[in-house]
Amino acid sequence: QVQLVESGGGLVQPGGSLRLSCVASGRILSIDDMGWYRQAPGKERELVGHITSSSSTTYADSVKGRFFISRDNAKNTVHLQMNSLKPEDTAVYYCNAVLRSFGGRGVYWGQGTQVTVSS
């Protein structure tokens, strides 16, 4: 079984920072792309950004210059550093990974972590 577990969410004031982490565990052979998505109340899930196995990154326009994704391949971990947070960043943040396990290649999701930006 493959599992993705996020951590690091919480309540932060506008202008503050948070760092989310996501660890992939299980019978993993290799991990291709890893990404972060978010879903605000009443809205569809949207891509925040993703990082390839060679650490090439892309970001949604709404977070460019504020959010930064990094990964530690040895620890099957991806991080999302969020700076200059705005109330509109409030959402449940989900980790995503495209990976190969003993069961084959597939897309896996974490359970989500709540980020609330409010004064």
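Reading the values: rules and limits
- Residues numbered from 1 in each chain as written.
- Predicted model: local features only at pLDDT ≥ 70, side-chain atom pairs only at ≥ 80, totals over all residues.
- Heavy atoms only, no water.
- Helix = DSSP H or I, 4+ residues; strand = E, 2+ residues; numbered from the N terminus.
- Rg over C-alpha atoms; globule rule 2.2 N^0.38 Å.
- Buried < 20%, exposed > 50% of the residue type's maximum accessible area, 1.4 Å probe, protein only.
- Contact = heavy atoms within 4.5 Å.
- Areas by Shrake-Rupley, 256 points an atom, 1.4 Å probe, with all protein chains shown as cover.
- Lys, Arg positive; Asp, Glu negative; His and termini not counted.
- Charge placed at Lys NZ, Arg CZ, Asp CG, Glu CD.
- Pairing = 2+ DSSP bridges.
- Axes fitted to C-alpha atoms, helices over the stretch in contact; angles between N-to-C directions.
- Core = buried A, V, L, I, M, F, W, Y, C linked by side-chain atoms within 4.5 Å.
- Polar contact = N/O pair within 3.5 Å; in protein donor to acceptor, adjacent residues only side chain to side chain.

A. The arrangement of the overall build of the protein chain in detail. Of the regular secondary structure elements, the protein chain holds zero helices and eleven strands. Listed N to C, the secondary structure of the protein chain is β-β-β-β-β-β-β-β-β-β-β in terms of helices and strands. Compactness check: the protein chain gives a C-alpha radius of gyration of 14 Å against a globular reference of 14 Å for 119 residues, within 12% of the reference. Considering only C-alpha atoms, the protein chain reaches an extent of 45 × 25 × 25 Å along its principal axes. Burial statistics for the protein chain: of 119 residues in total, 43% are counted as buried. In the protein chain, 55% of the contacts between residues at least 6 apart in sequence involve partners at least 24 apart. Per element, the accessible surface of the protein chain, about 6,200 Å² overall, is 48% carbon and sulfur. Separation of charge centres in the protein chain, based on 12 positive and 9 negative side chains, amounts to 4 Å.

B. Region of interest: the sheet that holds strand β8 (residues 77-82). With respect to topology, four strands assemble into an open sheet ordered β1-β3-β8-β7, the strand pairing being antiparallel. Sheet topology places β1 (3-7) and β7 (67-72) at the edges, where each strand pairs with a single neighbour. Along the sheet, successive strands turn relative to each other by an average axial angle of 15°, direction set aside. With six bridges joining them, β7 and β8 adopt antiparallel strand pairing. Looking at the pairing, Ile69 lines up with Leu80 of β8.

C. The arrangement of the nonpolar core in detail. Membership of the largest hydrophobic core comes to 29 residues, with the highest contact counts inside it found for Leu4, Trp36, Phe67, Val78, Leu80, Met82 and Tyr93. Elements with a contribution of two residues or more to this core: β3 (18-25), β4 (28-39), β5 (46-51), β7, β8, β9 (91-101) and β11 (113-117). Dropping the residues within four chain positions of it, Met82 is found in contact with Gly16, Ser17, Leu18, Leu20, Arg66, Phe67, Tyr93 and Val115.

D. Looking closely at the side chain of Arg38. Looking at the element boundaries, Arg38 is found in strand β4. Within the local environment of Arg38, its side chain forms a polar contact with the side chain of Ser62, the two groups lying 3.4 Å apart. Setting aside residues no more than four positions away along its own chain, Arg38 makes contact with Glu44, Arg45, Glu46, Val48, Ser62, Val63, Phe67, Glu88, Asp89, Ala91, Val92 and Tyr93.

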